Structure formats: C-alpha cells, structure tokens
Amino acid sequence: MEATYPGMKVLLANNLMMAYNQAEAAEPTFAFVEDGFTKLPEFEMMLALFSALDTRWVAVMDSAGATPARHASPLLNVGAGIFELTKADSPVQFSQYFDMMVKAPRRDVAGPKGMKGGNGAAPVKDFKKIILIGSSTGGVEALRSVLVGFPAQCPPTLIVQHTGKNFGQGLVSLLDRICAAKVVPAEDNMKLEVGHVYVAAGQRRHMGMTQSKPIRARLKEGPPISGHLPSVDALFTSAVPYGKDVVATILTGMGQDGANGLLELRKAGATTFAQDEKSSVVYGMPRVAWENGGAQKQVSLARMAGALLQAAKA
C-alpha cells in the first residue's frame, strides 16, 4: 500500500491514549480503528479530534456480520458509501476502502486562531458577566459546537467536563485548536480574564470561584459531589455570591450533576439555560435542571453560543 501512495506514513497504536496523541500530532488523513476502541467512553474525544482534523475513519471488527459499536465517519459517504471492515477482508478490499478515503473531497480545516476577534459577536466592552458551563456524556462535541461560536475576546468562561483522567489535557488542546479564544487547563488561583476559557476535566480537584475580587479560579480537593470529581455542582455553587454577574448552562450528560447548583444560581439572580432534549446526546443532566426549575430556558445546541453571549451582555 505504501508503494501505491508514495510518501504515506503509517502509525500504529495499541491503546486509545496513544492513538489520540499520535492523531493530534500527525493530523492523519484517515484511520482504521479497532471496533473495541469505539466502545470506550473516551472514544468521544477521538471522534471530536477526527472531526476537527477532517480525518476519515472506519471501524475494523473481529468477524463478519458483527454490529459495529459506532458507524464510520459520515465524511466517507461522498459517493463511496460507509463501510465497516472485518479482519477477514482481503488486502484488496482494504486497499479499495483506503483509496476511497484518500480521494474523498476534503474541507478546509484551518482553525480560527487567525481570526481573533472575529465571528461577528459583540465587542468585549459589551460583555458584563462570567459564563459557566457543565457537561458530561456527549459534551466534547457539544463544547466544540458552543466554543467555536465564541469570539477571541469572549467573557471569562469556566467549564467542567466529565472525562477520563488521561484525557483532560487532550480536551484542552483540542478546544484551543478550534476556538478563537484561549483555552487553558484550570489552575488554582488563576485570575479570570477576558478572552480565556478555563477547563476542569480529568482532574482530581473541584473547580470553583474565589469569594473575593478580583475573582480567581479555585481548585480544591474533596470527595466527589453528585458522584463526580470535578463536579459541575461545585462550580455552580461557588458562583452563587456573584449570581447576577453569572450566565450558566448545563449541556448534554448522564445523571444530575449541576442541576442543584444551577437552581441555586437562578435563585441568586443568574441567567440559566439547559440544552434541549432534541440536540442532547444524553438528556439527563439538562432534563433534571429543567424539571427542578434550575434552567430558565431550554436552548438547542446550535443556538447555545448566541444565547450565552447575549445574556452575558445584559
């Protein structure tokens, strides 16, 4: 196959973390993925990275007739169809699928880093509030969708995302790659600044906000809250003293983390949202936040960035 495509480089990985790191560094055109990997919750990170890189991928299964855990990249469905391979398929078939991936039309994947201040959003002077976001299952893609709609000079934004402990830095790097704003891992005593997004994911400490100004991020050890560490409830609760200066939302996710904290924020005067059922991968956390009265309004994922930014201007 390498002789057919001069200059091709093949990378092999025997675990998902290695595969993620290699894909992030090499930005591959295509990927063959062991179907077992696609069953892991963390494969959500790989999907988001493949989407950001415009990487085509197909799942390789152990036997014919097996049902794939996830369907191959819809990017392959450009005159070529979508294929799931088995290890019994001949080298010729592999070569055919490979050829289709290489020849499929590609989109421009240049990130927004060269468009600082773009996106047509309100100038920084119009933003008055801090934005808080909590998410879990399906949240990686949801965060991508929201943050690409933020301008470079967005309001200070704090995010808690439930993810595996080894994938926190990968999530930060992925979001920073595709967002105009600067995305950084949350650190204790970090001053909250315009144009910055602070992410707590895969850490063993809760993120919150200090109770004195200038407001800073606070990372604190402690037991899980609402079953999670870091916890969305911990973040939201810490922001209650600043209620009227806060805009908060809960995105897709399983369970109820964040719902009680969102309710406390709303009672304190914050503007609160929850992702709607139709656009949620898992309508768990947003559903509880809506049913307990924590969310003032349900918003589709496509409209979430605009809703948050508009509320942050008030």
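Our subject is the structure that appears above.
Let us look at the structure shown here. Note that the coordinates shown come from a computational prediction; the quantities given were computed from them, not determined experimentally.

Overview of the packing of helix 5 (residues 139-147) against helix 10 (residues 301-313)
- Relative to each other, helix 5 and helix 10 sit at 50°, their axes nearing to 8 Å. Relative to helix 10, the element helix 5 lies oblique. The way helix 5 lies across helix 10 gives a crossing that is right-handed. Contacts between helix 5 and helix 10 involve Ala142, Ser145 and Val146 from the former and Leu301, Met304, Ala305 and Leu308 from the latter.
- For the contact of helix 5 with helix 10, the per-class residue count stands at 6 nonpolar, 1 polar and no charged.

Some thoughts on the packing of aromatic side chains
- Overall, the coordinates contain 4 aromatic pairs when judged by the stated rule.
- Look at Tyr20 and Phe167: their rings are 6.1 Å apart centre to centre, the planes differ by 80°, and that puts the pair in the edge-to-face class. Taken together, the positions of Tyr20 in helix 1 (residues 16-26) and Phe167 in the loop between strand 5 (157-161) and helix 6 (168-178) put the pair 147 residues apart, joining distant regions of the chain.
- Judged by relative accessible area, which is 6%, Phe167 ranks as buried.
- Note on Phe43 and Trp57: the rings are 5.5 Å apart at their centroids and 75° apart in plane angle, and the pair reads as edge-to-face. Placement of the pair is Phe43 in helix 3 (residues 43-53) and Trp57 in strand 2 (residues 56-61), with a sequence separation of 14 residues.
- Taking relative accessible area as the criterion, Trp57 reaches 3% and is therefore assigned buried.
- Grouped by ring-pair contacts, the aromatic residues Phe43, Phe50 and Trp57 constitute a single cluster.

Brief notes about the packing of helix 3 against helix 6
- Orientation of helix 3 relative to helix 6, taken along the N-to-C sense of each, is 25°, at an axis distance of 11 Å. Taken together, the axis directions place helix 3 and helix 6 in an arrangement best described as roughly parallel. Our pair here, helix 3 against helix 6, has a crossing hand that is left-handed. Where helix 3 abuts helix 6, its residues Met45, Ala48, Leu49, Ala52 and Leu53 lie against Gly170, Leu171, Leu174, Arg177 and Ile178.
- The residue inventory of the contact of helix 3 with helix 6, partitioned by class, reads 8 nonpolar, 1 polar and 1 charged.

As for the pattern of salt bridges
- Here the structure, examined in full by the defined rule, presents 4 salt bridges.
- A salt bridge links Glu141 to Arg144, with the nearest nitrogen and oxygen atoms 3.0 Å apart. Residue Glu141 and its partner Arg144 are located together in helix 5, separated by 3 residues, close to a single helical turn.
- A salt bridge links Glu291 to Arg287, with the shortest nitrogen-to-oxygen separation between them at 2.9 Å. Highlighted residues: Glu291 and Arg287, both in helix 9 (residues 285-291), separated by 4 residues, approximately one helical turn.
- Glu291 gets classed as exposed once you look at its relative accessible area, which sits at 57%.

A closer look at the sheet that holds strand 7 (residues 196-200)
- The 7 strands are arranged 6-7-5-4-10-11-12 in an open sheet whose pairing can be described as parallel. Whereas interior strands pair on both sides, the edge strands pair on one side only; in this sheet they are strand 6 (182-185) and strand 12 (297-299). Within the sheet, the average angular offset between the axes of one strand and its neighbour, ignoring direction, is 25°.
- Both strand 4 (residues 130-135) and strand 10 (residues 246-250) contribute to a ladder of 5 bridges, which runs parallel.

Criteria and cut-off values
- Residues numbered from 1 in each chain as written.
- Predicted model: local features only at pLDDT ≥ 70, side-chain atom pairs only at ≥ 80, totals over all residues.
- Heavy atoms only, no water.
- Axes fitted to C-alpha atoms, helices over the stretch in contact; angles between N-to-C directions.
- Helix = DSSP H or I, 4+ residues; strand = E, 2+ residues; numbered from the N terminus.
- Parallel < 35°, antiparallel > 145°, perpendicular 65-115°, else oblique.
- Left-handed = near helix turned anticlockwise from the far one by under 90°.
- Contact = heavy atoms within 4.5 Å.
- Nonpolar A, V, L, I, M, F, W, Y, C, P; charged D, E, K, R; others polar.
- Phe/Tyr/Trp six-rings, centres within 6.5 Å; stacked < 30°, edge-to-face > 60°.
- Buried < 20%, exposed > 50% of the residue type's maximum accessible area, 1.4 Å probe, protein only.
- Salt bridge = Lys/Arg side-chain N within 4 Å of Asp/Glu carboxyl O.
- Pairing = 2+ DSSP bridges.

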